[in-house]
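# Remarks on the overall topology
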Amino acid sequence: MLRRHTSVTSIMALITISAIVLTACGTATEAPKAKKLEMFSWWTAGGEADGLNAMYAVYKTANPDVEIVNATVAGGAGTNAKAVLATRLTGGNPPDSFQLHAGLEVQTYSPDQFLQPLDDLYTSEGLEQAFPKDLLALLKYNGHYWGVPVNIHRANVLWYNKKIFEDNGLKPPATPVEFLQVGEALKAKGIIPLVMGTKEGWEAGHTFETVLIASLGAEGYKGLWTGATPWTDPRVTQALEAFKLMLANANSDHAALTWDGGAQYLVDGKGAMLIMGDWTDGWFTSKGFTGYGWAPAPGNAGIFDALSDSFALPKNPPNPDQAKAWLQVAGSKAGQEAFNPKKGSICARTDCDLGLFNEYLKSAAADWQKDAIVPSVAHGAAAYESWAIKYKDILQAFVTSGDTAGAQAALQQACVDAKICK
Ligand code: GAL
């Protein structure tokens, strides 16, 4: 399943492969052949890369003689990486392990043909006892586990610049209506209310899923992905209209910026709010920025829009032993405690030490326990990849067209194409 905007050649040019650690432990006369692990992901931004490096360090402690090849393809949400990976898997050139969202995304890699089930590893490492039941259910596809989850991310967070809100006597908006009122107050002061980057084509779809949640509630939103809620529902129309009004509050250069480019406005005090997943917390931390506050996206209180990153094992990886050792680290308490505080996510495991996490992540852990959980579509949990791509493309086009009726009809058609709607 190749994303079609980018040619494979230009995607390949984006690949940066860096050997982060080289180890030679032999004598000057006989250098043993270096063992390798090639790990594939799209984590290149601050926070994401820091988290990954912290987990590599745990791996290196247990496997000091292995050279880690950090294969990354930049592009948030895997925009470019997923196409490169599909080409590598079908071309018989897999990495040893790769990033995979928990949920229906796995279908796009034809797991029966190209991946190894990880059920034995789950048994040997006691992973069914380590992860929450809801997450285990999300990870199982065709009766098998295909990925070891490292985290739980929350997608529906409103990040805001605390100083801007304090200086202007404002409170973060709890509802879409309040969002527009706050937007007017900020515009009157010459401050950009909403910062966004929409350059990579997934960000509008990401923000819109929080607007759908606000309009439909947890059950109504979940029903969009199962056929229980029709896409023709008036609450979808209402969500598109609300999103259009929201976009009128955004920075005019959003089409030229990636998600972290948008977030920079908030760091610089030029923009007030950002709706983005909690990798933003890791990114802010990597920038040394502490002047941010957080709240559920408007109208999303009590609902946790969830996704999880896992690592998968292809068939015939070049270094199977090193790959398995990597998956052991990925599922371990030590690996997850090193990774998540930097990544801006909570552990997939239930036994991590919360004392290692900052205030935001402690609040996310508490919300994960008490909120209604819904699956993110922009990040692989809610729908097959082919449907998720159509959804994101429709929202990306809507940002410029503002054509509510056209977008709603296209969303309905995408659901029909996915064989969920009639
Ligand atoms: C998500 C991924 C996160 C983060 C984000 C931005 O799809 O699950 O870990 O990397 O994209 O790139």
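In the block above lies the structure referred to throughout.
Now for a look at the structure at hand. In this convention, every chain numbers its residues from 1, walking through the sequence in written order. Where totals are concerned, whole chains, interfaces and linings use all residues; where local detail is concerned, this predicted model gives features only for residues with pLDDT of at least 70, and gives and counts side-chain atom pairs only at 80 or more. For side-chain calculations, the full set of non-hydrogen atoms in the structure is used, while hydrogens and water are omitted.

Turning next to the overall build of the protein. Counting its regular elements, the protein contains 18 helices and 16 strands. For the protein, the spread of C-alpha atoms along the principal axes amounts to about 75 × 50 × 45 Å. Burial status across the protein gives 56% buried among its 422 residues. Any two residues whose heavy atoms approach within 4.5 Å are treated as being in contact. Sequence-distant contacts in the protein: of pairs separated by 6 or more residues, those separated by 24 or more amount to 78%. With an accessible surface of roughly 16500 Å², the protein has 55% of that area assigned to carbon and sulfur atoms. Positive: Lys, Arg. Negative: Asp, Glu. His and the chain ends are not part of the count. Where a charge lies is defined by one atom per residue type, namely NZ (Lys), CZ (Arg), CG (Asp) and CD (Glu). Of the side chains in the protein, 34 bear a positive and 42 a negative charge, and the two mean positions are spaced by 2 Å. Counting from the N terminus, the helices are the DSSP runs of H or I reaching at least four residues and the strands are the DSSP runs of E reaching at least two. Categorising residues by exposure relies on relative accessible area from a 1.4 Å probe, with only protein chains included: less than 20% of the type maximum marks a residue as buried, more than 50% marks it as exposed, and the intermediate range marks it as partly exposed. Values of accessible area rely on a 1.4 Å probe in the Shrake-Rupley scheme; residue burial ignores everything except the protein chains shown.

Definition of nearness: a residue and a molecule or strand are near each other if at least one heavy atom of the residue lies within 4 Å of the molecule or strand. Near the ligand you find 13 residues, and of these E48, H101, D309, K343 and H379 are the closest. Measuring from an oxygen atom of the ligand, one finds a side-chain N or O atom of H153 at 3.5 Å. Interatomic distance of 2.6 Å between a side-chain N/O atom of D309 and an oxygen atom of the ligand. In isolation the ligand offers 300 Å² of accessible surface; the protein chains occlude 100% of this area. Residues are grouped as follows: nonpolar covers Ala, Val, Leu, Ile, Met, Phe, Trp, Tyr, Cys and Pro; charged covers Asp, Glu, Lys and Arg; every other residue, Gly included, is treated as polar. Each residue belonging to the shell around the ligand can be placed in one class, and the counts come to six nonpolar, four polar and three charged. Distance and chemistry together define a polar contact, namely a pair of N or O atoms within 3.5 Å, with one atom able to donate a hydrogen and the other to accept it when in protein, and with adjacent residues in sequence counting only for side-chain atoms on both sides.

Centres within 6.5 Å are what make two rings of Phe, Tyr or Trp a pair, Trp counting through its six-membered ring; a difference in plane orientation under 30 degrees is then read as stacked, over 60 as edge-to-face, and the rest as tilted. Taken as a whole, this structure holds 26 aromatic pairs when the rule is applied. On the basis of an interplanar angle of 85° and a centroid distance of 5.4 Å, the ring pair of W294 and Y360 is categorised as edge-to-face. In this pair, W294 sits in strand β12 (residues 292-296) while Y360 sits in helix α16 (residues 359-370), placing the two residues 66 residues apart along the sequence. For W294, a relative accessible area of 31% puts it in the partly exposed group. Three or more aromatic residues link up through ring pairs in this structure, and these residues are W159, W259, W283, F284, F289, Y292, W294 and Y360.

Once their charged atoms are close, side chains differing in charge can pair, the charge on each being opposite to the other. Whenever a carboxyl oxygen of Asp or Glu lies within 4 Å of a side-chain nitrogen of Lys or Arg, that contact is scored as a salt bridge. Per the stated rule, a full pass over the model turns up 17 salt bridges. E184 is paired through a salt bridge with K187; the nearest N and O atoms lie 3.6 Å apart. Of the two residues, E184 and K187 both sit in helix α9 (residues 176-188), three residues apart, roughly one turn of that helix. Assessed through its relative accessible area of 49%, E184 is described here as partly exposed.

We call a pair of cysteine sulfur atoms a disulfide whenever their separation is within 2.5 Å. Under the defined criterion, the tally for this structure stands at two disulfides. Each disulfide pairs two cysteine sulfurs, and for C347 the partner residue is C352, the sulfurs being separated by 2.2 Å. Of note, the bridge from C347 to C352 carries an S-S torsion of about -95° and is left-handed in sense. The pair formed by C347 and C352 is uniform in burial state, with each residue classed as buried. The partner cysteine of C415 in its disulfide is C421, sulfur to sulfur 1.9 Å. Looking down the S-S bond of the C415 and C421 bridge, the torsion is 75°, so its handedness is right-handed. Of the residues examined, C415 reaches a relative accessible area of 0% and is grouped as buried. Once the bonded cysteines of the protein are numbered in order along the sequence, the disulfide links fall as 1-2, 3-4.

This part is about the packing of helix α12 (residues 259-267) against helix α13 (residues 279-287). As a rule, the C-alpha atoms of each element are fitted with a line to give its axis, helices using only the stretch in contact, and angles between N-to-C directions run from 0 to 180 degrees. Closest axis-to-axis distance for the α12/α13 pair is 11 Å, and the angle between their directions is 60°. Classified by the interaxial angle, the pair formed by α12 and α13 is oblique. Here α12 and α13 pass one another in a crossing that is right-handed. Across the interface between the two elements, W259, D260, A263, Q264, L266 and V267 of α12 pack against W279, T280, W283, F284 and K287 of α13. For the contact of α12 with α13, the residue count by class is seven nonpolar, two polar and two charged. Should an angle lie under 35 degrees it is considered roughly parallel, over 145 roughly antiparallel, and from 65 to 115 roughly perpendicular; all remaining angles are considered oblique. Each helix crossing is assigned a hand: it is left-handed if the near helix lies turned anticlockwise from the far helix by less than a right angle, otherwise right-handed if that turn is clockwise.

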